Amino acid sequence: MSTANRHWILARRPVGNGYAEAFALETETLPALAEGQILVANKVLSMDSGTRMYMTDREDSYQPGTPLGAKLIGTVLGVVVESRHAAYKAGDRVRCYGQWADYSVVEPDATYCTGLDDAHDDLKAYVGIYGANGWTAWVGVVETGAAKAGETFVVSAAAGCTGLMAGQIAKARGCRVIGIAGGAAKCDLLTREYGFDGAIDYKAADVEAELARLCPNGIDVYFDNVGGAILDAALANMALFGRVAVCGLITNYIAEGPVPGPYRFDQVLMKRLRIEGFFSPDFYAREPEFNPQLARLAAAGQLRLPFEVSTGLEATSAAFTKLFTGANIGKVVVEL
Ligand SMILES: NC(=O)c1ccc[n+]([C@@H]2O[C@H](COP(=O)([O-])OP(=O)(O)OC[C@H]3O[C@@H](n4cnc5c(N)ncnc54)[C@H](OP(=O)(O)O)[C@@H]3O)[C@@H](O)[C@H]2O)c1
């Protein structure tokens, strides 16, 4: 079967958030599948801020940089239309590392690919609560952060996908939860709609002073999505034996070279802190363990996730940009 396929390539390295200039949409006729490959009709492209790091040529990230001219890749949800792999057949719903394209050619034995159960008709759920962001939020709160009832839990990028779920999971565990987000509207949403006990607008407030006010006994767990100045503000307010669960460092992703700081590293010793990063591909295989826990919270109304949906492949660069301008609440996806 020969298939015309539109796909995005990395035409040049993005400067700042100049994704419209950096990405180019091309069309090719896909060659016949090789043995072991499947052809997936993409239905949902997951927009993930960590992808920004792979658009550089740095070699110290958790994945090699994308060469110029190469197809942009990421997590996609779709339906198998043709298979030359024994474990997949046409019609199967899958989640895999695919291409930002109409169709993805995937080698399940060489890259992440998994069939989906039929628990959710809405495919988007599998990159939301029941996908890498949901599992990341769970691991960061429950395992890395080891958040316990009665503790004070702070999360940054709190109205975004991972942060919003982390805050709700911590709340469900009985923590006092403070979110940090950009803008009064997001902060209002966190406290009014999502049960956060407090919220700080980092674009308007003195974050360090507000954390001191809202966390008078110190922060037991800081779930960090951003790094930078907000990490320093949190470090200055940690409780004795607090934990910093390092999920993401979005303030660093557009930097050209190493970023200085944190400047309050002294607090690691003064407060006997534990700082630990965690990375979702390390625990993808634990999906069967995580999903029932997350489903239990969702069924109890304790875990909800809105989607920020863009439609059509051509909308991809604008959708990706939303992650860095804060134009999203919840999970950013492109539906095809
Ligand atoms: N460790 C892992 O395995 C893993 C897995 C998934 C995600 N992550 C990380 O989790 C973080 C959130 O990712 P996501 O995909 O869920 O995206 P997201 O939170 O849905 O969107 C990113 C949010 O970050 C905030 N932001 C952007 N630039 C910022 C800046 N300079 N300073 C402060 N806040 C900024 C924006 O909200 P505001 O309006 O509040 O600025 C934006 O909505 C990222 O750091 C990502 O790399 C890690």
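Reading the values: the criteria
Residues numbered from 1 in each chain as written. Predicted model: local features only at pLDDT ≥ 70, side-chain atom pairs only at ≥ 80, totals over all residues. Heavy atoms only, no water. Axes fitted to C-alpha atoms, helices over the stretch in contact; angles between N-to-C directions. Helix = DSSP H or I, 4+ residues; strand = E, 2+ residues; numbered from the N terminus. Parallel < 35°, antiparallel > 145°, perpendicular 65-115°, else oblique. Left-handed = near helix turned anticlockwise from the far one by under 90°. Contact = heavy atoms within 4.5 Å. Buried < 20%, exposed > 50% of the residue type's maximum accessible area, 1.4 Å probe, protein only. Core = buried A, V, L, I, M, F, W, Y, C linked by side-chain atoms within 4.5 Å. Near = heavy atom within 4 Å. Polar contact = N/O pair within 3.5 Å; in protein donor to acceptor, adjacent residues only side chain to side chain. Areas by Shrake-Rupley, 256 points an atom, 1.4 Å probe, with all protein chains shown as cover. UniProt positions renumbered as here; feature names shortened; annotations may be inferred.

**With respect to the packing of helix H2 (residues 132-144) against helix H3 (residues 161-172)**
Their axes nearest at 8 Å, the elements H2 and H3 cross at an angle of 45°. Considering the angle they form, H2 stands oblique to H3. In this structure, the crossing between H2 and H3 has a hand that is right-handed. Here Asn133, Gly134, Thr136, Ala137, Trp138, Val141 and Val142 of H2 lie close against H3, whose contacting residues are Cys161, Thr162, Met165, Ala166, Ile169 and Ala170.

**Structural notes on helix H9 (residues 316-325)**
Counted residue by residue, H9 has 8 buried out of 10 residues, so it is predominantly covered. By the burial criterion, the buried members of H9 are Thr316, Ser317, Ala319, Phe320, Thr321, Lys322, Leu323 and Phe324. Packed against the buried residues of H9 are strand S1 (3-10), helix H1 (19-22), strand S2 (23-30), strand S3 (38-46), strand S14 (307-311) and strand S15 (331-335). Once H9 ends, the next one or two residues include Gly326, with phi positive near 75°.

**With respect to the nonpolar core**
Ranked by internal contacts, the top residues of the largest apolar core, which has 40 residues, are Val141, Phe153, Ile169, Phe196, Phe223 and Leu294. Of all the secondary structure elements, the ones that give two or more residues to this core are H2, strand S8 (152-156), H3, strand S9 (176-181), helix H4 (184-193), strand S11 (219-224) and helix H8 (287-299). Once you skip the residues sitting within four places of it in the chain, Leu294 turns out to touch Ile129, Tyr130, Gly134, Trp135, Trp138, Ile169 and Leu303. The next biggest cluster of nonpolar side chains, apart from the first, holds 29 residues, and it includes Trp8, Tyr19, Val76 and Val332.

**Some words on the site of the ligand**
As a structural note, the neighbourhood of the ligand is formed by 28 residues, with Thr162, Lys186, Tyr202, Ser280 and Asn328 the closest of them. Contact distances for the ligand include 2.8 Å between an oxygen atom and a backbone N or O atom of Gly182. Backbone polar atom of Cys247 to a nitrogen atom of the ligand: 2.9 Å apart, as the coordinates give it. Relative to its unbound accessible area of 900 Å², the ligand is 91% covered by the protein chains. Contributions of two or more residues to the shell around the ligand are made by H2, H3 and H9.

**Digging into the UniProt feature "domain: Enoyl reductase (ER)" (unreviewed entry) in the chain**
On the UniProt side, "domain: Enoyl reductase (ER)" (unreviewed entry) is annotated at positions that read residues 18-334 here. As a span, residues 18-334 carries 26% helix and 27% strand, and end to end its C-alpha atoms are 18 Å apart.

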